[in-house]
Amino acid sequence: MTGTALTAERRGRELAELSAGTTVDLLVVGLGVTGAGVALDAASRGLTVAALDAHDLAFGTSRWSSKLVHGGLRYLAGGHLGLAYESAVERGILLRTVAPHLITALPSVLPQTPLVSGGRAALARAGFAAGDALRAAAHTPAARLPRSRRISPAEVTRLVPAVRRAGLRGGVLGWDGQLVDDARLVVALARTAAGHGARILTRCRVSELHGGGATVVDTLTGTEHQVRARMVVNATGVWADQLDPGVRLRPSRGTHLVLRPGALGAQVAGLTIGVPGETNRFVFALPQPDGHIYLGLTDEPVDGPVPDVPEPSPAERGFLLDVLATAVDPAPTEDDVVGAFAGLRPLLAGGADRTADLSRRHAVRTSPGGVTTVVGGKLTTYRRMARDAVDAALRAAGRPTGRCLTARLPLVGAAPPEALARVAAPARLVARYGTEAAAVLALAADDPALARPVADGIAVTGAELVWAVQREGALDAGDVLDRRTRIGLVPADRERALPAARAALARAGA
Ligand SMILES: Cc1cc2nc3c(=O)[nH]c(=O)nc-3n(C[C@H](O)[C@H](O)[C@H](O)COP(=O)(O)OP(=O)(O)OC[C@H]3O[C@@H](n4cnc5c(N)ncnc54)[C@H](O)[C@@H]3O)c2cc1C
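Residues numbered from 1 in each chain as written. Predicted model: local features only at pLDDT ≥ 70, side-chain atom pairs only at ≥ 80, totals over all residues. Heavy atoms only, no water.

Re the overall build of the protein
Using the following cut-off: What counts as a helix is a DSSP run of H or I of at least four residues, what counts as a strand is a run of E of at least two, and both are numbered from the N terminus. To get the radius of gyration, use the C-alpha atoms; to get the globule rule, take the number of residues to the power 0.38 and multiply by 2.2 Å. Note on classification: 1.4 Å probe, protein chains only; a residue is buried when its accessible area is under 20% of the maximum for its type, exposed when over 50%, partly exposed between these limits. Contacts between residues were defined by any pair of non-hydrogen atoms, one from each residue, lying within 4.5 Å. Only four residue types enter the tally: Lys and Arg on the positive side, Asp and Glu on the negative side; His and the chain ends are excluded. By convention, charge coordinates are those of NZ in Lys, CZ in Arg, CG in Asp, or CD in Glu.
On a plain count of helices and strands, the protein comes out with 16 helices and 20 strands. In terms of C-alpha radius of gyration, the protein reaches 22 Å, essentially the compact-globule figure of 24 Å for 510 residues. Projecting the C-alpha coordinates of the protein onto the three principal axes gives extents of approximately 70 × 55 × 45 Å. Expressed as a percentage of its 510 residues, the buried residues of the protein come to 58%. In the protein, the proportion of contacts linking residues at least 24 apart, taken out of those at least 6 apart, comes to 71%. In the protein, 58 positive and 48 negative side-chain charges are present, and the distance between their average locations comes to 6 Å.

Now the structure itself:
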């Protein structure tokens, strides 16, 4: 097993090896959650792997999610039992084995305000009960993810103090998985794959893809390289049709607002609000470990060219604040919004009129030229998507598929909760780095300044920025601030942390 550290030096060496003519068993394009999952799946089956991204780890949709590892309640409501069961099973595997360090159980409240009719409340309770049954069927212990239950008005306001009290009849409390951060899951996947020998190369844009490899531009130097591979997987998400014209996508934008800590009082649970006038659409206010609240989510069809970084529209901002105002008092205003982000769902084109009705199922297809594309799905089911893609690529190459091992493969830093509790580091670090938290902390042994937060009101320490460069493949300040840490989600914080990011890069000679 090679080391799990990703560095600029390793990137340069491995790109030179590929350019010199090394043929890998499998080339995967895209280092979002799906491509990183494919790299780990293939490398852990013993294949030689190269995984490329035009920008950085988690540059695309995978960093713009709601950060939930969810049991697919929405799919149940839509009658897609198979999809919901798949989600529940994958959630259980991630929680128990693959990434227990990055996922916690998030309580969420659906308050029964005067706007929620008796019928709708009964429907919601039935949905939560079905979700409990799926959790049990997926063998996820209630100790990790408790059962849902009805709660009193007093309990609703204890969990979410801002909920409107007039006419409040109580609520339903349910639980789901919440990632400390989606980009950290991708980084952990990529490093674990690297530990199994995968070459993980960022800043490598694929300009042409075929069954025997790819033409690749190193965007740091502008140099073009040919990469040879026996099998090729396209995992470029919402950009997948650019490398495989046989794929038809209908992207949909989902926007979240970032509310300042305390905008909903001392909120300890997520808040779920039905969108007035719609039956199966909700807005969520999700408290984050750093105190911010993510308020989402919209579903807007997107036509035309796919941007590198999608922008929330003013209408989406207004919609989210308006729906929130139906359930809380005092209602947050634009003054409470400290950031906003949007992502594009890589939905497969289908017959539905509204993108909200398009299936969240994933698809795997191998083109006549031998490129296997994996697209659609969601963060929660990345492991299943990766398995299906690697199986399909092996079958298309006429090779035995062998066994997928990832259900039993903990990512770097993963350990059972009892072991995590014994790691000698602050809880905040353990939640982000798992068993590696002590090594992050140790960076500050020779330089105590690294143990301090990078700026007032930002919990991230200098040691985390240095770790990002020395171990997690961060090549510039954007990698450090926008993907290894998520300081960049609040632009004013990003500005204040920029000098510290530059100092971390300079320290590593980057
Ligand atoms: C707003 C929103 C909220 C969501 N919330 C959740 C949630 O809470 N839970 C959940 O389970 N799912 C959620 N999802 C779904 C989930 O985020 C996506 O399904 C998933 O992240 C897609 O990952 P991906 O790896 O397929 O694509 P991406 O993350 O987009 O990765 C594709 C990568 O390909 C690279 N690339 C593109 N073209 C090239 C090229 N030519 N050469 C090299 N590299 C290239 C890009 O740089 C990018 O990094 C959400 C989606 C959205 C939009």
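Text resumes after the structure shown.
Re the packing of aromatic side chains
Heads up, the rule is: Any two of the Phe, Tyr and Trp rings considered here, Trp counted by its six-membered ring, make a pair once their centres fall within 6.5 Å; the pair's planes then place it as stacked at under 30 degrees, edge-to-face at over 60, or tilted in between. Charge over a ring is defined by NZ of Lys or CZ of Arg lying within 6 Å of the ring centre and within 35 degrees of the ring normal.
Inspection of every chain in the model, using the stated rule, returns two aromatic pairs. Plain terms: the ring middles of Tyr294 and Phe341 are 5.4 Å apart, the flat faces sit at 80 degrees to each other, and that makes the pair edge-to-face. Taken together, the residues Tyr294 in strand E14 (residues 293-296) and Phe341 in strand E16 (residues 337-345) connect sequence positions 47 residues apart. Exposure class is identical for Tyr294 and Phe341. Each is buried. Members of the aromatic cluster, joined through ring pairs, are Trp64, Tyr294 and Phe341. Above the plane of the ring of Phe59 lies Arg63, whose end atom (NZ or CZ) is 4.7 Å from the centre.

Considerations on the site of the ligand
Counted only if it meets this: Whether a residue is near a molecule or strand depends on its heavy atoms: it is near if one of them lies within 4 Å of it. Pairs of N or O atoms are called polar contacts if they sit within 3.5 Å, as long as, within protein, a hydrogen donor faces a hydrogen acceptor (for residues adjacent in sequence, only side-chain-to-side-chain pairs). We call Asp, Glu, Lys and Arg charged. Ala, Val, Leu, Ile, Met, Phe, Trp, Tyr, Cys and Pro are nonpolar, and the rest, Gly among them, are polar.
Around the ligand lies a shell of 35 residues, among which Thr34, Asp53, Ser62, Leu68 and Thr380 are the nearest. Between an oxygen atom of the ligand and a main-chain N or O atom of Val33, the distance comes to 3.2 Å. Within the backbone of Thr61, an N or O atom sits 2.9 Å from an oxygen atom of the ligand. Among the residues forming the shell around the ligand, the class breakdown is 14 nonpolar, 16 polar and five charged.

Description of the pairing of strand E17 (residues 362-366)
The condition is simple: A pair of strands is labelled paired if DSSP reports no fewer than 2 bridges between them.
Two strands pair when backbone bridges link them, and E17 and strand E18 (residues 371-376) are joined in this way by five bridges, in the antiparallel orientation. Its bridge partner being in E18, Arg365 is matched across the sheet by Thr373. Joining the antiparallel neighbours E17 and E18 is a turn of four residues, in which Gly370 adopts a positive phi near 95 degrees.

Points about unusual backbone geometry
The peptide bond linking Asp329 to Pro330 adopts the cis configuration, its omega dihedral lying at 0 degrees. Following the sequence through the fold, Pro330 ends up in the loop between helix H9 (314-325) and E16. Notably, Lys67 is not glycine yet its phi reads approximately 65 degrees, a positive angle. Note on placement: Lys67 falls in the loop between strand E2 (49-52) and strand E3 (68-69). In this structure Lys67 comes out as buried when scored by relative accessible area, which is 1%. Of note, His139 is a non-glycine position whose phi angle comes to about 60 degrees, a positive value.

Re the pattern of salt bridges
Formally: For salt bridges, the criterion is a side-chain nitrogen of Lys or Arg within 4 Å of an Asp or Glu carboxyl oxygen.
In total, this model carries 36 salt bridges according to the counting rule given. Between Arg507 and Asp447 there is a salt bridge, with its nearest N and O atoms 3.2 Å apart. Here Arg507, found in helix H16 (residues 491-507), pairs with Asp447, found in the loop between helix H13 (437-442) and strand E19 (453-455); they are 60 residues apart in sequence, far enough to count as distant. Residue classification places Asp447 among the partly exposed residues on the basis of a relative accessible area of 24%. Its salt-bridge partner being Arg496, residue Asp493 comes within 2.9 Å of it at the nearest N-O pair. Taken together, the residues Asp493 and Arg496, both in helix H16 and three residues apart, mark about one turn of the helix. Counted as one network, the salt bridges with shared partners bring together Asp56, Arg203, Asp476, Asp479, Arg483 and Arg484.

What to know about helix H14 (residues 462-470)
An α-helix turns once every 3.6 residues. As a result, residues three or four positions apart point the same way. Extensive coverage of H14 is indicated by the burial of eight of its nine residues. When we look at burial in H14, the residues that qualify are Gly462, Ala463, Glu464, Leu465, Val466, Trp467, Ala468 and Val469.

A closer look at the side chain of His101
Tracing the chain through its elements places His101 in the loop between helix H4 (81-98) and strand E4 (103-111). A distance of 3.1 Å separates a polar side-chain atom of His101 from the backbone oxygen of Val412. Ignoring sequence-local partners within four residues, the contact set of His101 consists of Leu411, Val412, Gly413, Ala414, Leu420, Val430, Ala431, Tyr433 and Gly434.

Brief notes about the layout of surface pockets
Defined as follows: Grid points spaced at 1 Å over the protein atoms alone were grouped into cavities, where a 1.4 Å probe fits but cannot get out, and pockets, open sets with protein on both sides within 12 Å along at least five of seven lines, with lining residues defined by an atom within 4 Å of a point. Grid points are joined across faces, edges and corners, and a volume is the space filled by probe spheres set on the points.
The space that makes up the second largest pocket amounts to roughly 630 Å³. For the lining of the second largest pocket, the secondary-structure elements that each account for two or more residues are E4, strand E6 (171-179), helix H12 (427-433) and strand E20 (458-461). The element best represented in the lining of the second largest pocket is E4, accounting for four residues. Within the lining of the second largest pocket, the residues separate by chemical class into 18 nonpolar, six polar and seven charged.

Focus: the nonpolar core
For clarity, the cut-off: For our purposes a nonpolar core is just a set of buried Ala, Val, Leu, Ile, Met, Phe, Trp, Tyr and Cys residues, chained together by side-chain atoms within 4.5 Å.
Counting residues in hydrophobic clusters, the biggest one holds 61 residues, and the most contacted among them are Val38, Leu185 and Ile200. In terms of residues, this core owes the most to one element, helix H7 (residues 182-195), which gives nine residues. Not counting the four nearest positions on each side in its chain, Ile200 is found in contact with Leu6, Glu14, Leu31, Ala39, Ala51, Leu57, Ala190, Ala193 and Ala194. With 31 residues, the next largest nonpolar core counts Ala415, Val440, Ile458 and Leu465 among its residues.

Structural notes on the environment of His362
You can see His362 is positioned in strand E17. Accessibility expressed as a relative area gives 14% for His362, which makes it buried. Spatially, the C-alpha atom of His362 lies 5.6 Å from that of Val375, the residues being 13 residues apart in sequence. Non-local contacts of His362, meaning those with residues more than four positions away in its chain, are made with Glu86, Leu348, Val375, Gly376, Gly377, Arg384, Met385 and Asp388. Within the structure, the side chain of His362 is placed 2.9 Å from the side chain of Asp388, a separation counted as a polar contact.

A short note on the side chain of Thr113
Counting through the fold element by element, Thr113 comes out in the loop between E4 and helix H5 (118-137). A relative accessible area of 6% places Thr113 in the buried class. Not counting the four nearest positions on each side in its chain, Thr113 is found in contact with Gly167, Leu168 and Arg169.

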